[in-house]
Amino acid sequence: MTLNPRWPSDPRSLRNWQLDRLRRYLSRTVLPFSAYYRRLFDQAGVEPAALRSIDDLRRIPFTTKSDFLAETDGSDPVRDFVLVPDKAVLSRRPSSVAKALLRGRKAVVEGFEHEFRPLLLTSTTGRSSAPVPFLYTAHDIANLELAGARVMRVCDANREMRMMNLFPFAPHLAFWITHYASTGFGVFVLGTGGGKVMGTDGNLRLIRKIKPDVLIGMPTFLYHVLTELADDSFQLPNLRKIVLGGEKAPLGMRRKLRALAQKLGAEKVDVLRTFGFTEAKLAWAECPFHEDAGSAGYHIHPDLALIEIVDPKTGEPRGECEPGEIVFTPLNARGSVVLRYRTGDCIDGGLFQEPCPFCGRNVPRLVGEISRTSEVRDLRLGKLKGTLVDFNQLEHVLDNVEYVATWQLEIRKRHDDPLELDELILHVTKADGIAEDQLRATLNERFVSETEIHPNRIEFHSVEELQRRQGFGTQLKEQRVVDHRPAAASQDATSVPETTHE
Ligand SMILES: [Zn+2]
């Protein structure tokens, strides 16, 4: 089954079809109504009609997170990215003229409202900078429903399933796309609001009552909830799918979730990841796969998004199936719109164009593990100079070690002295079945063999103590890496606590 028969099936024609769509979208919708891009295209001397090949796209300058930062003169650049309709231009559109003739002027005005009036907002989580709000119009909400329904189909869901949405209730994409996936696909989804709204107990109570076939949420929270259920010897044999989003879910985490589901009596469970970000106003999913075969990647909706992979250092385009940074351009968004957006997310496989080997859908796929370029930090571990440490890699190491239930990495200055060396402290909750000394030795050995550094200390904690450290239930995302270096507060990402931006 294809997602949507409207686009061509062979990869080359599909790329050209997307380019054609992009040209029309730019000339009819973005450039007439986006102050920011009208200016940018003028400065760069780019005409939509001249974008004939994927190679031509590089003539459009990238948009990055720093373009959203407030100017010192008090202007609000976020506002510049919102499409603001010009009534005179709109009423000259051939479709407007035809509609006015057939259905009257009131219908035309209502159409403009549907297309351009903002109704919903989701925002970034403010990990690395101030939260950036992205606006949705009714047109965008329809796309959110469409994209959500496709995620359901890609995950091979059916309408008889009972689902629970354990994402935090907040103005964030993960919660809202799950909500609209329910209405778009037509399936029962109970949103609990996550741990922050109902507490772990509230979530457990509802799971016992609803007995869901599908659990959707953040990996660390789902891991916690499933552990509690397993400890209580609760059985949930009908559980079919665990759908993850909102943060990374390395292979080790997925394996642990599958093992927990088996403890609950669920023998055949798909643990599927989704990938989405605020600026896309969309998310994509993996289709079910056998663990040994590996994932076929995130299935991209080619009518809604154009994905490029570029070299994270130079910005030059990478070839098909080559790793690099993910760059996003919408093809049908209204409200807030960004073009050639540098996500800061790198994928180690790349963009694959041939049909999916598992489900056969003819859609582009993002294949591989995703890591953030911003998670490479400079630590002064030795006397002489800083060492670049890739925290993405450390997370993979930790999630893959058996008997590590949950963990947190803490960076601090020795003796809390700003002039001292940095220290890396690993906090761990140990699963049953191994001695502390043995696990400590395993962790040290794995750290050195895979990253060439080792933590200064490894401290073991109870589940409750580690949850308190992670800000469980009080923070929007569990804090897995915390930076307690005194000077780091202003410049470092994870030392800034998550906020909910109500
Ligand atoms: Zn597939």
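Residues numbered from 1 in each chain as written. Predicted model: local features only at pLDDT ≥ 70, side-chain atom pairs only at ≥ 80, totals over all residues. Heavy atoms only, no water.

Trainee: I tried to follow a nonpolar patch on the surface on my own but got confused; where do I start?
Mentor: Taken together, the side chains of Val97, Leu101 and Leu102 present a nonpolar region at the surface, about 360 Å² in accessible area. Within the fold, Leu102 resides in helix H5 (residues 94–103). A relative accessible area of 75% means that Leu102 is categorised as exposed. (Patch = residues over 30% accessible without salt bridge, like charges linked within 9 Å, V, L, I, M, F, W, Y side chains within 5 Å. Areas by Shrake-Rupley, 256 points an atom, 1.4 Å probe, with all protein chains shown as cover. Salt bridge = Lys/Arg side-chain N within 4 Å of Asp/Glu carboxyl O. Helix = DSSP H or I, 4+ residues; strand = E, 2+ residues; numbered from the N terminus. Buried < 20%, exposed > 50% of the residue type's maximum accessible area, 1.4 Å probe, protein only.)

Trainee: Could you clarify how one ought to interpret the sheet that holds strand S18 (residues 404–413) in this entry?
Mentor: Strands in a sheet are paired, the pairing made by backbone hydrogen bonds, and the direction either parallel or antiparallel. Pairing in this open sheet of four strands is mixed, and the strands run S20-S19-S18-S21 from one edge to the other. The sheet terminates laterally at strand S20 (457–460) and strand S21 (481–483), the two strands that pair on one side only. Adjacent strand axes in the sheet meet at a mean angle of 20° when their direction is disregarded. Alignment of S18 against S21, held across three bridges, turns out to be parallel. (Pairing = 2+ DSSP bridges. Axes fitted to C-alpha atoms, helices over the stretch in contact; angles between N-to-C directions.)

Trainee: Just checking my understanding: could you explain the sheet that holds strand S11 (residues 324–330) for this structure?
Mentor: The antiparallel open sheet is built from four strands, whose spatial order is S10-S11-S12-S15. Each having just a single partner strand, strand S10 (305–310) and strand S15 (370–372) make up the two edges of the open sheet. Across the sheet, the axes of successive neighbouring strands diverge by a mean angle of 40°, strand direction being ignored. Two strands pair when backbone bridges link them, and S10 and S11 are joined in this way by six bridges, in the antiparallel orientation. Bridge assignment links Ala305 to a residue of S11, and that residue is Pro330.

Trainee: Mind showing me how you'd approach the coordination of the zinc ion here?
Mentor: Each donor-metal-donor angle in an ideal tetrahedron of four donors is 109.5 degrees, and each such angle in an ideal octahedron of six donors is either 90 or 180 degrees. With distances of 2.1 to 2.3 Å, the protein atoms coordinating the zinc ion are Cys287 (SG), His299 (NE2), Cys356 (SG) and Cys359 (SG). Given four donor atoms and angles of 103 to 122° at the metal, the environment of the zinc ion is assigned as tetrahedral. If you list the donors of the zinc ion from N- to C-terminus, the spacing comes out as C-x11-H-x56-C-x2-C. Pair noted here: His299 is in strand S9 (residues 298–299) and Cys356 is in the loop between strand S13 (350–352) and strand S14 (365–367), with a separation of 57 residues, a long-range link. The two residues His299 and Cys356 agree in class, both being buried. (Donors = N, O, S within 2.8 Å, 3.2 Å for Na, K, Ca; no water. Tetrahedral: all angles 85-135°; square planar, octahedral: opposite > 155°, others 65-115°.)

Trainee: Got a minute to help me understand the nonpolar core in this structure?
Mentor: General note: in soluble globular proteins, nonpolar side chains tend to be found buried as a group. Among the nonpolar cores identified, the biggest contains 63 residues, and Met163, Ile207, Ile242 and Leu257 are the most heavily contacted of them. Those residues in contact with Leu257 that lie beyond four places of it in its chain are Pro219, Leu222, Tyr223, Leu226, Ile242, Leu244 and Val271. Within the second largest apolar cluster, 50 residues are counted, among which are Ile60, Trp284, Ile326 and Phe328. (Core = buried A, V, L, I, M, F, W, Y, C linked by side-chain atoms within 4.5 Å. Contact = heavy atoms within 4.5 Å.)

Trainee: Which parts of the structure should I look at to understand the packing of aromatic side chains?
Mentor: The relative placement of two aromatic rings is captured by the distance of their centres and the angle of their planes. Under the definition given, this model contains 19 aromatic pairs. Judged by centre distance (4.3 Å) and plane angle (35°), the ring pair of Tyr36 and Phe81 falls under tilted. A residue pair is termed long-range when its members are at least 10 positions apart, and Tyr36 in helix H2 (residues 35–44) and Phe81 in the loop between helix H3 (77–80) and helix H4 (87–92) qualify at 45 residues. The exposure classification of Tyr36 matches that of Phe81, with both residues buried. An aromatic cluster is present here, built from Tyr36, Tyr37, Phe68, Phe81, Phe134, Phe275, Phe277, Trp284, Tyr298, Phe328 and Tyr341 joined pairwise through their rings. Above the face of the Tyr136 ring, Lys281 is positioned so that its terminal group lies 5.1 Å from the ring centre. The ring of Phe62 is capped by Arg342, whose NZ or CZ atom sits 4.7 Å from the centre of that ring. (Phe/Tyr/Trp six-rings, centres within 6.5 Å; stacked < 30°, edge-to-face > 60°. Lys NZ or Arg CZ within 6 Å of the ring centre and 35° of its normal.)

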